[in-house]
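What follows is the residue order along each chain.
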Amino acid sequence: MQYPVLFGRLEPVATDEHACDEPPDTHAAAIRSPLRYIALPLLLLASITLLLSSGGTSRPTGAAHSLGCDTSGRHIVGSFNRTLEVHDPRLGLVNRSFQLHVPPQPGGPMPLLLAFHGQAGAPVRMAHEHAELQDLTDQLGWVTVYPAGMDDGGDSTWSCGVDNSTCIPGTAAVCHTSCVTLGECGRCSWATCYDDVAFVEQLIASLETELCLDKTRYFATGQSNGAMFLHHLLARRPDLFLGAAPAFGLPLLGYLLGDRQGLVRREQGVALPSLLLLHDRNDSNIPWQGGLSKYGWLYEPLRKTTDLWAALHRCSASALRIRTPFDDAGDHLACVEHAGCTSGGRVVECRYDGRHGDWPLPQSGDELLVWFFESLTPRGEGKRSWLHAQS
């Protein structure tokens, strides 16, 4: 059993598609009851308690659970730094690293969350920065994995597509060793040329043989370059995740559909992930408006990215303001949603005060991710019920 969604999904308080551009109405926020600050953690605690007392997630049947569910007597618990030998399609065998965290009381097949760090980041650092997220996933019985980007050019990066049109002349380029090997250095080179999509595919396959995973509930998040890679990954493999939440990272200009136009080339009937797109309002590294960044790179706009996913999910073309349990938590969080998606998915965009690298709602940002992921209906199940929050 999943813990119930305790908050309202849609509150049509605005029809302006740019409702996220400015902070929400401070007068409306001021008249909300101060009990909301007390009620939110109590509701979250109650829902987690309900999950644990019910014995966790019910076991999926058939192809919904991984091969690891059939291995009797094997269950690891705790955090582990791992290395996996991966076959890169163009560069051969390579060792890839990741941090794995398995909850102490799974209670059945476990959902999986992958979290991708930013440029020059590392799994250990990201896990430390998101300790609250790991606490929440522990209580919910989720496996959390922090993959490591390749450090073959001065710092760790993720490959997310690049050519000579993704930067302006004079931008400082860095050609990584993998790109030198492949002869793919150009004036806009800046990230590794290892196939990170292949890494993620093989990583998930390896985890499925070792752990008992609920294959209907795979999620992913990423920040900065990790979010850019997540967009790239979703374009190549939109079927991998039930939900994804990229934060302050956008596709490079010309890569909105992926490096192979994957989002329009995908096979008919391939499932699409629901998206929660998060971005700070004062970002000059990867501006939400798109276009030129302060370092010379060119990006797709956040609004265009959200609109694309809304069209793919066959949602309403207009985005409506929604109310979340975190609107009063700080940073002037404002979210819009394209409602009525015939795919059954969700497309939500949130903006908040801050600069590049600022996580939304320092005290509640990780809860925001869990709130969104828990709202999603696993593929093949009926619609989840919604209990509306009271103002």
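Not measured: the values here are computed from a predicted model.

This next bit is on the environment of Leu91. Tracing the chain through its elements places Leu91 in the loop between β1 (78-88) and β2 (92-102). Sequence-wise, Leu91 and Cys179 are 88 residues apart; in three dimensions their C-alpha atoms are separated by 10.0 Å.

Further remarks concern the environment of Gly186. The residue Gly186 is located in the loop between α5 (177-182) and α6 (196-210) in this model. Of the residues examined, Gly186 reaches a relative accessible area of 24% and is grouped as partly exposed. Taking the C-alpha atoms as reference points, Gly186 and Asn164, 22 residues apart in sequence, are found 6.3 Å from one another.

Turning our attention to the sheet that holds strand β11 (residues 334-338). With mixed pairing, ten strands are arranged side by side in an open sheet as β1-β2-β4-β3-β5-β6-β7-β12-β11-β10. Because the sheet does not close on itself, it has two edges, and the strands there are β1 and β10 (319-322). Sheet twist, expressed as the average angle between the axes of neighbouring strands with direction ignored, equals 20°. As judged from the six bridges shared by strand β7 (residues 274-280) and strand β12 (residues 347-352), these two strands associate in the parallel manner. Each bridged residue has a counterpart across the sheet, and for Asp280 the counterpart in β12 is Tyr352.

Here we come to the confidence of the model for the chain. Counting all residues, the mean pLDDT for the chain is 83, and 79% of those residues have values of 70 or more. Per-element confidence in the chain is highest for strand β6 (residues 243-247), whose mean pLDDT is 98, and lowest for helix α1 (residues 26-30), whose mean pLDDT is 34. The low-confidence segment residues 382-391 (pLDDT under 50) makes 33 contacts with residues lying over four places distant or belonging to another chain.

A few words now on the state of the cysteines. Overall, the coordinates contain six disulfides when judged by the stated rule. Note that Cys69 is cross-linked by a disulfide to Cys212, the S-S spacing being 2.1 Å. Around the S-S axis, the bridge from Cys69 to Cys212 shows a dihedral of about 95° and counts as right-handed. Note that Cys69 is positioned in the loop between α2 (35-53) and β1 and Cys212 in the loop between α6 and β5 (213-223), a separation of 143 residues in sequence. Neither residue differs from the other here; Cys69 and Cys212 are each classed as buried. Disulfide pairing places Cys175 opposite Cys185 at an S-S distance of 1.7 Å. The S-S bond linking Cys175 to Cys185 shows a torsion near -70°; that makes this disulfide left-handed.

Our focus in this paragraph is the packing of helix α4 (residues 131-140) against helix α10 (residues 365-374). A pair of packed helices is captured by two measures, namely the crossing angle of their axes and the spacing between those axes. Look at α4 against α10: their axes get within 8 Å of each other, and the N-to-C directions meet at 35°. When the axes of α4 and α10 are compared, the crossing they make is right-handed. Residues Glu132, Leu133, Leu136 and Leu140 of α4 form the contact with α10, whose participating residues are Asp366, Glu367 and Val370. Residues belonging to the contact of α4 with α10 are distributed by class as follows: four nonpolar, no polar and three charged.

Another point: helix α7 (residues 225-236). Because each turn of an α-helix spans 3.6 residues, side chains separated by three or four positions end up pointing in the same direction. Taking 1.5 Å per residue, twelve residues should reach 16 Å; α7 reaches 17 Å between its end C-alpha atoms and fits that length. Among the twelve residues of α7, eleven are classified as buried, and the element is accordingly described as predominantly covered. Listing the buried residues of α7 in full gives Asn225, Gly226, Ala227, Met228, Phe229, Leu230, His231, His232, Leu233, Leu234 and Ala235.

A few words on the pairing of strand β4 (residues 143-147). Counting buried positions along β4 gives five out of five residues, so the element sits mostly inside the fold. The alternating pattern of β4 places Val143, Val145 and Pro147 and Thr144 and Tyr146 on opposite faces, both of which are buried. Bridge count between β2 and β4: four bridges; the pairing is antiparallel. Within β4, the position partnered with Phe98 by the bridge is Pro147. The pairing of strand β3 (residues 110-116) with β4 spans three bridges and is classified as parallel. Note on β4: the bridge partner recorded for Leu113 is Thr144.

Reading the values: rules and limits
Residues numbered from 1 in each chain as written. Predicted model: local features only at pLDDT ≥ 70, side-chain atom pairs only at ≥ 80, totals over all residues. Heavy atoms only, no water. Helix = DSSP H or I, 4+ residues; strand = E, 2+ residues; numbered from the N terminus. Buried < 20%, exposed > 50% of the residue type's maximum accessible area, 1.4 Å probe, protein only. Pairing = 2+ DSSP bridges. Axes fitted to C-alpha atoms, helices over the stretch in contact; angles between N-to-C directions. pLDDT = per-residue confidence, 0-100. Contact = heavy atoms within 4.5 Å. Disulfide = S-S within 2.5 Å. Left-handed = near helix turned anticlockwise from the far one by under 90°. Nonpolar A, V, L, I, M, F, W, Y, C, P; charged D, E, K, R; others polar. Expected span 1.5 Å × (residues − 1).

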